[in-house]
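Letter by letter, the chains look like this.
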Amino acid sequence: MQDNTVVYTHGHHESVLRAHSWRTAQNSTAYLIPYIKEDMHILDIGCGPGTITLDFARLVPKGHVTAIEPAPGDILTQAQDLATTQGVANVEFRTGDIFQLERMFGDRKFDIVHVHQVLQHIDRQRVPEALMQMRAVTKPGGIVAAREADFSAMTWYPESAGMTEWMETYQLVTRANGGEPDAGRRLVSWALKAGFARENITTSAGTWCYSNSGEREWWCKLWADRTVSSNFKPTALKSGIADQEKLDRIVAAFTELGKSEDGWFTVLHGEIICRVD
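Residues numbered from 1 in each chain as written. Predicted model: local features only at pLDDT ≥ 70, side-chain atom pairs only at ≥ 80, totals over all residues. Heavy atoms only, no water.

### A look at the overall build of the protein
Counting its secondary structure elements, the protein contains eleven helices and eight strands. Its C-alpha atoms give the protein a radius of gyration of 18 Å, within 12% of the compact-globule value 19 Å for 277 residues. Every one of the 277 residues in the protein was classed for burial, and the buried ones make up 55%. For the protein, restricting intrachain contacts to residue pairs at least 6 apart in sequence, the fraction spanning at least 24 positions comes to 78%. Both charge centroids of the protein, one from 28 positive and one from 35 negative side chains, sit 3 Å from each other. (Helix = DSSP H or I, 4+ residues; strand = E, 2+ residues; numbered from the N terminus. Rg over C-alpha atoms; globule rule 2.2 N^0.38 Å. Buried < 20%, exposed > 50% of the residue type's maximum accessible area, 1.4 Å probe, protein only. Contact = heavy atoms within 4.5 Å. Lys, Arg positive; Asp, Glu negative; His and termini not counted. Charge placed at Lys NZ, Arg CZ, Asp CG, Glu CD.)

### A look at the nonpolar core
Core analysis: the largest hydrophobic core is formed by 30 residues, its most contacted members being I98 and L119. Of all the secondary-structure elements, those providing two or more residues to this core are strand 1 (41-45), helix 5 (101-105), strand 4 (110-116), helix 6 (127-136), strand 5 (138-149), helix 8 (187-193) and strand 8 (264-275). Residue contributions to this core peak at four residues, all from helix 6. Counting 28 residues, the second largest nonpolar core, distinct from the first, contains M154, W156, A224 and A242. (Core = buried A, V, L, I, M, F, W, Y, C linked by side-chain atoms within 4.5 Å.)

### Notes on the packing of helix 7 (residues 161-176) against helix 10 (residues 232-239)
Two numbers describe how helix 7 lies on helix 10: the axes approach to 10 Å, and their chain directions differ by 85 degrees. When the interaxial angle is binned, helix 7 and helix 10 end up roughly perpendicular. Of the residues in helix 10, those touching helix 7 at T169, Y170 and V173 are F232, T235 and A236. By residue class, the composition of the contact of helix 7 with helix 10 is four nonpolar, two polar and no charged. (Axes fitted to C-alpha atoms, helices over the stretch in contact; angles between N-to-C directions. Parallel < 35°, antiparallel > 145°, perpendicular 65-115°, else oblique. Nonpolar A, V, L, I, M, F, W, Y, C, P; charged D, E, K, R; others polar.)

### Observations regarding helix 6
Every α-helix winds through 3.6 residues per turn, so residues three or four apart in the chain are directed the same way. Along helix 6, seven of the ten residues are buried, which leaves the element largely enclosed by surrounding structure. Of all the residues in helix 6, the buried ones are V127, P128, A130, L131, Q133, M134 and A136. Looking at the buried side of helix 6, the elements it contacts are strand 1, helix 5, strand 4, strand 5 and helix 8.

### Digging into the packing of aromatic side chains
In the structure shown here, the tally under the stated rule is 22 aromatic pairs. Between the aromatic rings of W166 and F254, the centroid separation amounts to 5.1 Å while the plane-to-plane angle is 75 degrees, which identifies the pairing as edge-to-face. Here the residue W166 occupies a position in helix 7, and F254 occupies one in helix 11 (residues 244-259), the gap between them amounting to 88 residues. Over the aromatic face of F99 sits the side chain of R126, whose NZ or CZ is 3.8 Å from the ring centroid. (Phe/Tyr/Trp six-rings, centres within 6.5 Å; stacked < 30°, edge-to-face > 60°. Lys NZ or Arg CZ within 6 Å of the ring centre and 35° of its normal.)

### A few points about the packing of helix 9 (residues 213-229) against helix 11
Where helix 9 contacts helix 11, the two axes come as close as 8 Å, and the packing angle between them is 175 degrees. It follows from the interaxial angle that helix 9 and helix 11 lie roughly antiparallel. Residue-level contacts link R216, E217, C220, W223, A224, T227 and V228 of helix 9 to Q244, L247, I250, V251, F254, T255, L257, G258 and K259 of helix 11. Among the residues making up the contact of helix 9 with helix 11, the classes are represented as nine nonpolar, four polar and three charged.

### Things to note about unusual backbone geometry
With omega at 0 degrees, the peptide bond leading from Y157 into P158 counts as cis. Tracing the chain through its elements places P158 in the loop between strand 6 (155-157) and helix 7. Even without glycine at this site, Q117 takes up a positive phi of about 60 degrees. Within the secondary structure layout, Q117 lies in the loop between strand 4 and helix 6. The class of Q117 is buried, set by a relative accessible area of 10%.

### Let's talk about the pattern of salt bridges
Opposite charge on two side chains lets them pair, provided their charged atoms get close. According to the stated counting rule, one finds twelve salt bridges in the structure shown. Between R126 and E129 there is a salt bridge, with the nearest N and O atoms lying 2.7 Å from each other. Given the relative accessible area of 33%, E129 is considered partly exposed. Note that R147 and E271 form a salt bridge whose closest N and O atoms lie 2.8 Å from each other. You can see R147 sitting in strand 5 and its partner E271 sitting in strand 8, a full 124 residues away along the chain. Using a relative accessible area of 6% as the deciding quantity, one classes E271 as buried. Ionic contacts of the salt-bridge type, sharing partners, join the residues R175, E180, D182 and R186 into one network. (Salt bridge = Lys/Arg side-chain N within 4 Å of Asp/Glu carboxyl O.)

Structure (C-alpha cells):
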C-alpha cells in the first residue's frame, strides 16, 4: 500500500537515480556503521536503486536486509538486478509504506530500521508517526536511524543570484508537496514527538563536499538536469512557483558553478540514532 501523503519531489528520473546510485554505506551512513553487527536483521526504508542496501547486506553476512520502496516498478527491479549481479543473496526487495510498517511486518522485529533522505519528503505533520512505525518494528535494544539533508544549511561558492533563486524555489516546491526541506535540523524534535526519550537519542552531522573538478561538475550537472527533467519541473510549473525562464536561469547557474575552478558545494545532513527501550 502506498500512502498518499508521500509525495516524492524528484521522482525517479535518470538524473535522480544518478545521484542515488552514487550513495554507499560508507559515504551516506558512516554514523551508523559502528553499530552494525554481522548477524543483524536490518530494514532499509526508501531503498531506491539499492546501493546502500547491498552494502548493509555485505556488513551482515550472517544476517539479512529487507528493503522497501512505496510503489512497485523499475526501481525495485533495478535494485534486485543489482543484487543478483553482485551476488548478494541475504537481501529482499519489496513494496512497502512507511506508515504501514506494523501492519506489514506484524510481530517481525529488526535490529536496525533505517531511512536515508526519506523523512523530508513525507507530510511534515506525520513524520513523528512514521518514526513511531519504525520503532514499532524494532527490537528492544535496537536502533531507529535517520539521516536527512538540511537544504538551508547547504553552502556553495561562488555566490550567484541563480543559485539563490534555486534554493528559494526548491524550498517552496518541497513545502508545496507537504515535505520539509530543512529536515536535518528537525530530527531530534521529530524523534521526541515520536516518544523517544532524549537520553536515547544520539545526534551527529555529516557532509558531502563537491569541490574538485570531477565531483563538482558531476553534482552540478545532476542538479541542472533534475531542475528541468525530473518531477521537480512539472510540480514547480503547475504550482506557479516557477516558470520556464526561472528554471532556465537555475540551470545556467548550476552549469556556471560546475565550470568554476574555485567552485564548492557542500551538503549538510542531520543524523540520529534512537535506541528502542
